[in-house]
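Coordinate analysis (summary)
So the chains spell out like this:
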Amino acid sequence: MTLTAPATPPGPPAPRDAAPAARPATASPVRRAWRKASPYAYIAPFFTLFAAFGVFPLLYTAYVSLYRVELQTPGTMEWRGLGNYTALLGDAYFWTALRNTFTIGVLSTVPQLVMAIGLAHLLNYRMRGRTFLRTAVLLPYATSVAAATLVFTQLFGRDFGLVNYALDLVGIGPVDWQTDTVASQIAVSTIVVWRWTGYNALIYLAGMQSIPDELYEAAAMDGASRWRQFFHVTLPGLRPTIVFTVIVSTIGATQLFGEPLLLEGKLSGGISHQYQTLGLYMYEQGWGFFHLGRAAAIAWVMFLLIVVLVGANALLARRRSRKEAGR
């Protein structure tokens, strides 16, 4: 017996006036070209402004640093080669400004970041009014540099300053915060710490909130106290954020200008240049002594110094990460 499949019944005949299926329209060459070029067109304004106000001034400053250029006659340029750079190496005030920049940078960056981590750790707890406190810690950053420095100048006054009055209550004589080398650098660093601690605290707070809660729960189940959780969970989780704030603070300390200028209102940074930074020294050479070529050389020295410091920080952070990954 042979089994055969039933024949499929024929479908209804297609109408004669039915139109054939439409083919997808191909994009025109102009539209295809626009699709390829549109991403670059969207970002072109940024790169145009960056080239005009970032790259060009940087390269032109390097060009000017090779010439003798005076502010009175900017169109007259005399070739010096590396003469402006060698003149800096032989200038004692340049080394003083470099040393002051390093000292003030350390005095302002280390306490600032340590206090910011502690403040962020407190703000990370659930407590009443934490939204107001998180906003309040940002107020010093929003304050004008001139206003903050003028207030601190009054606080650090030698005769009628509030700081000397408080020191006198504990038996310490008046300190000349504008003439003494160490005291004046501490005064400048205090202004920087006051302005930037809250800003860095909010950055650390954002980093803390990105750490998974499961890590804290596991540490608590293992019997770790709050301090151990902070040192073994919070700090390792904040390592990328700490590296970022260290780099940004290093750049800011190298470019420090407003606070030391307004503390006494002198480009020299005190009577004996005791708190003159590289930013003040550059401004003094360019707009105080009218040596634009030497000021451009100082600007490039500052740029190279920032590159070296940032590279060293990144190298140390990468080496630390490799050591921990190899454990």
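A few points on the structure. (Residues numbered from 1 in each chain as written. Predicted model: local features only at pLDDT ≥ 70, side-chain atom pairs only at ≥ 80, totals over all residues. Heavy atoms only, no water.)

**So, the overall build of the protein chain**
- Across its full length, the protein chain carries 14 helices and two strands.
- On C-alpha atoms alone, the protein chain measures out to a radius of gyration of 31 Å, which is more than a quarter above the 20 Å that the 2.2 N^0.38 rule sets for 327 residues.
- Here the C-alpha coordinates of the protein chain stretch approximately 120 × 70 × 40 Å along the principal axes.
- When the 327 residues of the protein chain are sorted by exposure, 32% land in the buried category.
- Long-range contacts, defined as pairs at least 24 residues apart, comprise 65% of the intrachain contacts of the protein chain with a sequence gap of at least 6.
- Element-wise, carbon and sulfur atoms account for 67% of the exposed surface of the protein chain, whose accessible area totals about 21100 Å². (Helix = DSSP H or I, 4+ residues; strand = E, 2+ residues; numbered from the N terminus. Rg over C-alpha atoms; globule rule 2.2 N^0.38 Å. Buried < 20%, exposed > 50% of the residue type's maximum accessible area, 1.4 Å probe, protein only. Contact = heavy atoms within 4.5 Å. Areas by Shrake-Rupley, 256 points an atom, 1.4 Å probe, with all protein chains shown as cover.)

**Some details on the pattern of salt bridges**
- Scanning the entire structure with this criterion turns up five salt bridges.
- Between arginine 68 and glutamate 78 there is a salt bridge; the shortest N-O distance is 3.4 Å. Taken as a pair, arginine 68 in strand S1 (residues 67–69) and glutamate 78 in strand S2 (residues 77–79) lie far apart in primary sequence, ten residues in all.
- Taking the relative accessible area as the measure of exposure, arginine 68 reaches 38% and is therefore partly exposed. (Salt bridge = Lys/Arg side-chain N within 4 Å of Asp/Glu carboxyl O.)

**Some details on a nonpolar patch on the surface**
- Side chains of Trp34, Tyr40, Tyr42, Ile43, Phe46, Phe47, Phe50, Val55 and Leu59 sit close together on the surface and give an oily, nonpolar patch of about 1100 Å² of accessible area.
- Here tyrosine 40 shows up in helix H1 (residues 29–64).
- Take tyrosine 40: its relative accessible area is 61%, and that puts it in the exposed class. (Patch = residues over 30% accessible without salt bridge, like charges linked within 9 Å, V, L, I, M, F, W, Y side chains within 5 Å.)

**Digging into the side chain of threonine 197**
- Note that threonine 197 resides in helix H8 (residues 181–209).
- Its relative accessible area of 8% is what places threonine 197 among the buried residues.
- There is a polar contact of 2.5 Å between the side chain of threonine 197 and the backbone oxygen of valine 193.
- Apart from the residues within four sequence positions on either side, threonine 197 is in contact with Gln112, Met115 and Ala116. (Polar contact = N/O pair within 3.5 Å; in protein donor to acceptor, adjacent residues only side chain to side chain.)

**Brief notes about the packing of helix H3 (residues 92–123) against helix H11 (residues 239–254)**
- Taken N-terminus to C-terminus, the directions of H3 and H11 make an angle of 145 degrees; their axes are 9 Å apart at the nearest point. The way H3 lies across H11 gives a crossing that is right-handed. Across from Thr101, Gly105, Thr109, Gln112, Leu113 and Ile117 in H3, the residues of H11 making contact are Ile242, Thr245, Val246, Ser249, Ala253 and Thr254.
- Its residues placed into classes, the contact of H3 with H11 shows five nonpolar, seven polar and no charged. (Axes fitted to C-alpha atoms, helices over the stretch in contact; angles between N-to-C directions. Left-handed = near helix turned anticlockwise from the far one by under 90°. Nonpolar A, V, L, I, M, F, W, Y, C, P; charged D, E, K, R; others polar.)

**With respect to the packing of aromatic side chains**
- By the definition in use, this model includes 21 aromatic pairs.
- An angle of 85 degrees between the planes, with centres 6.4 Å apart, marks the rings of tryptophan 34 and tyrosine 42 as edge-to-face.
- Its relative accessible area of 62% is what places tyrosine 42 among the exposed residues.
- Between the aromatic rings of phenylalanine 56 and tyrosine 60, the centroid separation amounts to 5.8 Å while the plane-to-plane angle is 20 degrees, which identifies the pairing as stacked. With phenylalanine 56 and tyrosine 60 both in helix H1, this residue pair falls four residues apart, about one helical turn.
- Overall, phenylalanine 56 belongs to the exposed group, its relative accessible area being 52%.
- Ring pairs connect the aromatic residues Phe56, Tyr60, Tyr63, Tyr67 and Trp79, which therefore count as one cluster. (Phe/Tyr/Trp six-rings, centres within 6.5 Å; stacked < 30°, edge-to-face > 60°.)

**Thoughts on H8**
- Here H8 contains 29 residues, and its C-alpha end-to-end distance of 41 Å stays within 8% of the 42 Å for a straight helix at 1.5 Å per residue.
- Helix geometry: H8 is bent most strongly at tryptophan 196, by close to 35 degrees.
- One side-chain oxygen at the N-terminal end of H8 lies 3.3 Å from the backbone nitrogen of valine 182; it belongs to aspartate 180. (Expected span 1.5 Å × (residues − 1). Bend = angle between axes of the 7 residues up to and from the residue.)

**Observations regarding the side chain of threonine 234**
- If you trace the backbone, threonine 234 turns up in helix H10 (residues 226–237).
- Judged by its relative accessible area of 1%, threonine 234 is buried.

**Side note on unusual backbone geometry**
- Positive phi, close to 60 degrees, is recorded for histidine 273, a residue that is not glycine.
- In this structure, histidine 273 sits in the loop between helix H12 (258–264) and helix H13 (278–288).
- You will see that phenylalanine 290, though not glycine, has its phi angle at about 70 degrees, which is positive.
- Following the sequence through the fold, phenylalanine 290 ends up in the loop between H13 and helix H14 (292–325).

**Let's talk about the packing of helix H6 (residues 145–155) against H8**
- Where H6 contacts H8, the axes come no closer than 10 Å and their chain directions differ by 130 degrees. By the angle class used here, H6 and H8 are oblique. Crossing hand, H6 versus H8: right-handed. Listed contacts from H8 to Val145, Ala148, Thr149 and Phe152 of H6 are Thr190, Ile191, Trp194 and Arg195.
- For the contact of H6 with H8, a count of residues per class yields five nonpolar, two polar and one charged. (Parallel < 35°, antiparallel > 145°, perpendicular 65-115°, else oblique.)

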